[in-house]
Amino acid sequence: QVQLVESGGGLVQPGGSLRLSCAASGLTFSRYAMSWYRQAPGKERELVAAITSVGGRTNYADSVKGRFTISRDNAKNTVYLQMNSLKPEDTAVYYCKVHQAPFDYWGQGTEVTVSS
């Protein structure tokens, strides 16, 4: 049974930083690409960042390029999202996701609020 558990969310002031973690179990973590999504109130869930299984190639939503960094530690079965220069519009619930065909598996989410 694949399980994803996010942590690291919270309340932060504009311009601040947070690091989210997603611990995975029930799969051979190193074989799978991982991604972070977010969903703001009243909006659809959107892709924030993704990282490949091999080579660690990354891609980002335009809105977070240069501010967010996705990384992974295959020894710890964990994917991270370092978020810097946070803005109020980054406020959302952040989810990690893995696609293990034919299913997508999601964590429960961690809430990030950027406010003064």
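Every value quoted in this text rests on a predicted model; they were computed, and no experiment measured them.

(A) Spotlight on the overall build of the chain. Secondary structure assignment for the chain yields zero helices and 11 strands. Reading the chain from its N terminus to its C terminus gives the helix and strand order β-β-β-β-β-β-β-β-β-β-β. For the C-alpha atoms alone, the extent of the chain along its principal axes is close to 40 × 25 × 20 Å. Taking all 116 residues of the chain together, 40% fall into the buried category. Taking all contacts inside the chain whose residues are at least 6 apart in sequence as the whole, residues at least 24 apart take part in 53%.

(B) Local environment of the sheet that holds strand β8 (residues 78–83). Strand order in this open sheet of four strands is β1-β3-β8-β7, and the pairing throughout is antiparallel. In this open sheet, the two strands that pair with only one neighbour each are β1 (3–7) and β7 (68–73). Averaged over neighbouring strand pairs, the angle between their axes works out to 15° when direction is ignored. Of the strand pairs in this sheet, strand β3 (residues 18–25) and β8 are connected by six bridges, and their pairing is antiparallel. Following the sheet pairing, R19 is matched in β8 by Q82.

(C) How the structure looks around unusual backbone geometry. Along the chain, A101 connects to P102 via a cis peptide bond; the corresponding omega equals 5°. The residue P102 is located in the loop between β9 (92–100) and β10 (103–106) in this model. Despite not being glycine, N77 has its phi angle at roughly 55°, a positive value. Inspection of the secondary structure assignment puts N77 in the loop between β7 and β8. A relative accessible area of 26% places N77 in the partly exposed class. In this model, S85 sits at a positive phi of 50°, which is unusual for a non-glycine residue. Counting through the fold element by element, S85 comes out in the loop between β8 and β9.

The rules behind the values
The residue numbers shown here count from 1 along each chain, following its written sequence. Given that this is a predicted model, residues contribute local features only at a pLDDT of at least 70 and side-chain atom pairs are listed and counted only at 80 or more, while totals for whole chains, interfaces and linings are drawn from all residues. Hydrogen atoms and water are omitted, and side-chain values are computed over all heavy atoms in the structure. Strands here are runs of E lasting at least two residues and helices are runs of H or I lasting at least four, both read from the DSSP assignment and numbered beginning at the N terminus. Note on exposure labels: buried denotes an accessible area under 20% of the residue type's maximum, exposed denotes more than 50%, and partly exposed covers the range between, all computed with a 1.4 Å probe on protein chains only. Any two residues whose heavy atoms approach within 4.5 Å at even a single point are treated as in contact. Two strands pair if DSSP finds at least two bridges between them. Where helices are involved, their axes are fitted lines through C-alpha atoms of the stretch in contact, as for all axes, and angles between N-to-C directions lie from 0 to 180°.

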